[in-house]
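Structural characterization, general
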Amino acid sequence: MVEVWLPYGKTEVCARIPARNFLGAIEVREKPGVSSPRAEIERTLKEPLGTKPLGETVKRGNKVAIVVGDETSPAPSFMMVPPILDELSLAGVRDDDVTVIFACGANRPVEPGEMEKLVGGEVLKRVATVSHNPGSEDQAYLGKTSLGTEVYVNRSFAEADVRILTGAVALHPFAGYGGGREGVLPGVSGARTVQSTRRRCLDPGAEVGVLEGNPVHQDMVEAAKLARVDFALNVVTNSRREVVGAFAGDLEQVFREGVKLVDEMYKVSVERRAEIVVVSPGGDPLDDSLCHAVQGVDHALNAVKKGGVVVLVAECSGGYGPEVFYDWTAKFKGLKDMERELKRRFASEGHTTYRLMRALQKVRIILVSVMPDYYAVNTFNLRTARAVNDALREAFDLAGKKAKVWTMPQGSFTLPTVQASK
C-alpha cells in the first residue's frame, strides 16, 4: 500500500493506494524564490530583453503610464513599481508626470483603500493613480484586430508618451497564460473590447497552457500591438507567491521568457492517462470553495481517461463560493444554454461553472469536502465522500479493481502533458 499525503485546507489527508494500481504522483518542479526580489527586478530593468534599458527609453518631460494589476492579479506590484519609478527619476522624469493605472479588466474598479495594499504607501505619495473603469464612455479607440475586436482602452494610457506594463506570467484557463499582453487586454480595455475577446473562450484552442492557435491569445497580442507598449516588466512566482524570476524589456520577449519558466516548473510530462486521478488544488486558499477548486479539476482532465474518475480533495470551507457560480448552475441546466449566455455576456464565475459541467460530461467526479451534500449532489451533480479513502473505494467500484491511479498534490499549478495516451 502506498501512502500519499494531499493538502486539504490548512492540513493534509492521507490517500492509501494499492501499489499495483499506483502510477505515481504528478509533482511540480518548483523553484525557490530569489533571495532579493528587489535586486532581481533592478537587474532586469538595467539588462532588458530586446530593447533599451528603461532609463534610455524615456526622457525628461515624458508623460508615463504604468499599468499594474488589481487584487485578482498574482503580480507583486508593491515590489515592481518602486524600482520602475526610481529608474524613471534617474532619467529625469518627474513624479508629477507619472500615472499608475490599476488594470481592472472587466472587474470592479479598485477602491482607494485597496491601492496602498497593492502598490505601497510610498508609491501613492509619489505619483498619481487611476483605477481603470471598463464601463466608462471616455475610451480611446485604437483600431480593430484581425478577429474583428474593436480595441478601446483607457484614455490616460493611450495618451501617455511612454506606456509600461507590469504583470505576472501564470497558467490561464482559456488565454493559455496570463501576463504580458494581458495588461492591455483585458487590463485597461473597455468593456465591449473585453467581452468581444472573452466570448472566444469557447473556441477551439482556447485552453490552459496553449498559445499556438489560441484565438483569445491572438486577440490579446494584436490589441497590445495596437497599444504600442514601450516597455514591460513581468515576474513569475511559485505557489508561495515568491518571485522566482523577473523579465523586462520588449513585451513579446518578456512574455515568452515568462512562459518558458512557467512551463519548466508546472508542465509535467506523464507517459499515459489513468482511470483514476486523485487531485488536491493545493490546500488553502486554493480549495476554500468549490469555485476555486475547479482549476484542479481542469488540470486533472489532462491525466485521466475519458469516462474515468476524478477524486477532488478540496475542503471547501467557504462552500461553493460566489453566488454567481451557484446561480449559473441553478439557472442553466445544459452546456448549450451556458455557451449562449457566455457569448452574450461573459462572467468569469459563469465560465468556471461551464468548465465544471463540461468536465462532468467527460468523467465522474467524487468530491471530498466539508460542503453539504445538498449543494454538491443536488446542485453541482457531484458524487461525495467524507474521507479520501472512502472516495477511492468508490472510484475503484466505478473504474474497476485494476484501475491505475495518478495523484496530483498541487493540482491548481500542475498541468500534465501526456506523451502517449493508452
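Let's talk about the environment of V262
Relative to the assigned elements, V262 resides in helix α9 (residues 251-266). Exposure remark for V262: the relative accessible area of 1% places this residue in the buried category. Distance from V262 to E323, taken between C-alpha atoms, is 32 Å for residues 61 residues apart in sequence. If near-sequence neighbours (up to four positions away) are discounted, V262 is found in contact with V169, A170, L171, Y177, V236 and K267.

Some words on the sheet that holds strand β13 (residues 243-249)
The strand order across the open sheet built from 6 strands is β6-β5-β4-β9-β12-β13, with neighbouring strands paired in mixed fashion. Each of the sheet's edge strands pairs with one partner strand only, and the pair in question is β6 (128-131) and β13. Neighbour-to-neighbour, the strand axes of this sheet turn through a mean angle of 15°, independent of strand direction. As paired elements, strand β12 (residues 231-237) and β13 share 6 bridges and run antiparallel to each other. Of the residues in β13, the one forming a bridge with V236 is G245.

So, helix α7 (residues 191-198)
Along α7, the residues that are buried comprise T193, V194, S196, T197 and R198. Its buried side turned inward, α7 meets β8 (150-154) and α8 (215-227).

Structural notes on the side chain of R355
Summarising the element assignment, R355 is placed in helix α13 (residues 348-362). Residues in contact with R355, not counting those within four places in the same chain, are P173, V294, Q295 and D298.

Concerning the pairing of strand β15 (residues 274-279)
If a strand is regular, its side chains alternate between the two faces of the sheet. Among the 6 residues of β15, 6 are classified as buried, and the element is accordingly described as predominantly covered. In this structure, β15 lies alongside strand β16 (residues 304-313), joined through 5 bridges in parallel fashion. Counted as the bridge partner of I276 is V309 from β16. Read as a crossover between parallel neighbours, the route from β15 over helix α10 (residues 290-300) to β16 is right-handed. Here β15 pairs with strand β19 (residues 405-408) via 4 bridges, running parallel.

Here's the deal with the nonpolar core
Side chains of nonpolar character tend, in soluble globular proteins, to be buried together. One finds F157, V184, L290, L312, L356, I365 and L367 to be the most contacted residues of the largest nonpolar core, which totals 84 residues. Sorting elements by how many residues they give to this core places α9 first, with 8 residues. What L367 contacts, discounting residues up to four positions off in sequence, is L290, L312, A314, C316, A376, L382, R383, T384 and A385. Judged by nonpolar contacts, the second largest core, of 33 residues, contains I41, V64, V68 and I84.

A look at the packing of aromatic side chains
Scanning the entire structure with this criterion turns up 10 aromatic pairs. For the pair Y320 and F380, a centre-to-centre distance of 6.1 Å together with 45° between the ring planes defines the contact as tilted. On the criterion of sequence distance, the pair formed by Y320 in the loop between β16 and α11 (323-331) and F380 in the loop between α14 (373-379) and β18 (383-385) is long-range, its members being 60 residues apart. Where F325 meets F380, the ring centres are 5.0 Å apart and the plane angle is 20°; that geometry is what we call stacked. Linking F325 in helix α11 with F380 in the loop between α14 and β18, this pair joins segments that are 55 residues apart in sequence. By relative accessible area, F325 is classed as buried at 0%.

Focus: the pattern of salt bridges
Enumeration according to the criterion identifies 35 salt bridges in this entry. E264 is paired through a salt bridge with K31; the nearest N and O atoms lie 2.8 Å apart. A residue pair is termed long-range when its members are at least 10 positions apart, and E264 in helix α9 and K31 in the loop between β3 (22-25) and α1 (37-46) qualify at 233 residues. Put simply, R94 and D97 hold a salt bridge, and the shortest N to O gap is 3.4 Å. Sharing partners across several salt bridges, the network here consists of R38, E42, D86, D95 and R126.

Scoring rules and cut-offs
- Residues numbered from 1 in each chain as written.
- Predicted model: local features only at pLDDT ≥ 70, side-chain atom pairs only at ≥ 80, totals over all residues.
- Heavy atoms only, no water.
- Helix = DSSP H or I, 4+ residues; strand = E, 2+ residues; numbered from the N terminus.
- Buried < 20%, exposed > 50% of the residue type's maximum accessible area, 1.4 Å probe, protein only.
- Contact = heavy atoms within 4.5 Å.
- Pairing = 2+ DSSP bridges.
- Axes fitted to C-alpha atoms, helices over the stretch in contact; angles between N-to-C directions.
- Right-handed = clockwise from strand over helix to strand, strands pointing away.
- Core = buried A, V, L, I, M, F, W, Y, C linked by side-chain atoms within 4.5 Å.
- Phe/Tyr/Trp six-rings, centres within 6.5 Å; stacked < 30°, edge-to-face > 60°.
- Salt bridge = Lys/Arg side-chain N within 4 Å of Asp/Glu carboxyl O.

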